[in-house]
Amino acid sequence: QVQLVESGGGLVQAGGSLRLSCAASGNIFRFNTMGWYRRAPGKQRELVATITSGGSTNYAGSVKGRFTISRDGAKNTVSLQMNSLKPEDTAVYYCNVNQWSVDAWGQGTQVTVSS
């Protein structure tokens, strides 16, 4: 079992910044992929960014250049620095850990960007 606890969501004006953090606990293996997904109102959940245990990153095109994902392997945490936020970034953001093709999800944290 893997437990994920997110923090850092909130309300921000367009152009502002937020930092999301996620702490993983439980059966965390050395090799895995951690990431962030989001679900906007009326839309399906979509990938935002992922990072492997080796440090390889992948970003959605809509956030590339504005968001930065990072992780601390020793602490089993993953963070998402979000800059130049836009109203279309408004969504519930979910932390994810994928190991051995099994997904674990956090409860989600709301990010609202006002115009």
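Residues numbered from 1 in each chain as written. Predicted model: local features only at pLDDT ≥ 70, side-chain atom pairs only at ≥ 80, totals over all residues. Heavy atoms only, no water.

## Remarks on the pairing of strand 8 (residues 77–82)
We apply this condition: DSSP bridges decide pairing: two strands pair if at least two such bridges lie between them. Helix and strand definitions here come from DSSP, where helices need a minimum of 4 consecutive H or I residues and strands a minimum of 2 consecutive E residues; each element is numbered from the N-terminal end.
Both strand 3 (residues 18–26) and strand 8 contribute to a ladder of six bridges, which runs antiparallel. Within strand 8, the residue paired with Leu20 across the bridge is Leu80. Between strand 7 (residues 67–72) and strand 8, which pair antiparallel and follow one another directly, the connecting turn spans four residues, one of which, Asn76, has a positive phi of 55°.

## Notes on unusual backbone geometry
With the exception of glycine, the majority of residues adopt a negative phi angle, and the majority of peptide bonds are in the trans configuration. Quick note on the threshold: We call a residue buried when its accessible area falls under 20% of the maximum for its residue type, exposed when it is over 50%, and partly exposed in between, using a 1.4 Å probe and counting protein chains only.
Of note, Ser84 is a non-glycine position whose phi angle comes to about 50°, a positive value. Examined against the element boundaries, Ser84 turns out to sit in the loop between strand 8 and strand 9 (91–99). Judged by relative accessible area, which is 41%, Ser84 ranks as partly exposed.

## What about the pairing of strand 5 (residues 46–52)?
For a regular strand, side chains alternate in direction, first toward one face of the sheet and then toward the other. Judged from the six bridges that link them, strand 4 (residues 33–39) and strand 5 form a sheet pairing that is antiparallel. Note on strand 5: the bridge partner recorded for Trp36 is Ala49. Where strand 4 hands over to strand 5, the hairpin turn is made up of six residues, of which Gly42 adopts a positive phi near 75°. Summarising the sheet, strand 5 and strand 6 (residues 57–59) pair through three bridges and their orientation is antiparallel. Within the sheet, the bridge partner assigned to Ala49 lies in strand 6 and is Tyr59. The turn joining strand 5 and strand 6, which pair antiparallel and follow one another in sequence, is formed by four residues; a positive phi near 95° is taken by Gly55.

## Digging into the nonpolar core
We apply this condition: The criterion is simple. A nonpolar core is a set of buried Ala, Val, Leu, Ile, Met, Phe, Trp, Tyr and Cys residues joined through side-chain atoms within 4.5 Å. Note on definitions: a residue-residue contact is assigned when non-hydrogen atoms from the two residues lie within 4.5 Å.
Counting residues in each nonpolar core, the largest one holds 29 residues, and the members touching the most others are Trp36, Leu80, Met82 and Tyr93. Apart from residues lying up to four places away in sequence, Leu80 is in contact with Leu18, Arg19, Leu20, Trp36, Val48, Ala49, Phe67, Thr68, Ile69 and Tyr93.

## So, a nonpolar patch on the surface
Put simply, the rule is: Here a patch means residues that are over 30% exposed by relative accessible area and free of salt bridges, tied together within 9 Å if like-charged and within 5 Å if nonpolar (Val, Leu, Ile, Met, Phe, Trp, Tyr). Using a 1.4 Å probe, accessible areas were evaluated by the Shrake-Rupley method; residue-level cover was limited to the displayed protein chains. Should a side-chain nitrogen of Lys or Arg be within 4 Å of a carboxyl oxygen of Asp or Glu, the pair is scored as a salt bridge.
There is a patch of nonpolar side chains on the surface, built from Phe29, Trp100 and Val102 and spanning about 380 Å² of accessible area. Along the chain, Trp100 falls in the loop between strand 9 and strand 10 (102–105).

## A look at the packing of aromatic side chains
Put simply, the rule reads: Aromatic contacts are taken between Phe, Tyr and Trp rings whose centres are within 6.5 Å, Trp giving its six-membered ring; a plane angle under 30 degrees counts as stacked, one over 60 as edge-to-face, and the others as tilted. Lysine and arginine charges are scored as sitting over a ring when NZ or CZ, respectively, is within 6 Å of the ring centre and within 35 degrees of the ring normal.
Throughout the structure, instances matching the rule amount to two aromatic pairs. Between Tyr37 and Trp105, the aromatic rings sit 5.1 Å apart at their centres with planes inclined by 75°, giving edge-to-face as the arrangement. Of this pair, Tyr37 sits in strand 4 while Trp105 sits in strand 10, and the two are 68 residues apart along the sequence. A residue is classified by how much of its surface remains accessible, and Trp105, at 30% relative accessible area, is partly exposed. Geometry around Trp105 places Arg45 over its ring, the cationic atom sitting 3.7 Å from the centre.

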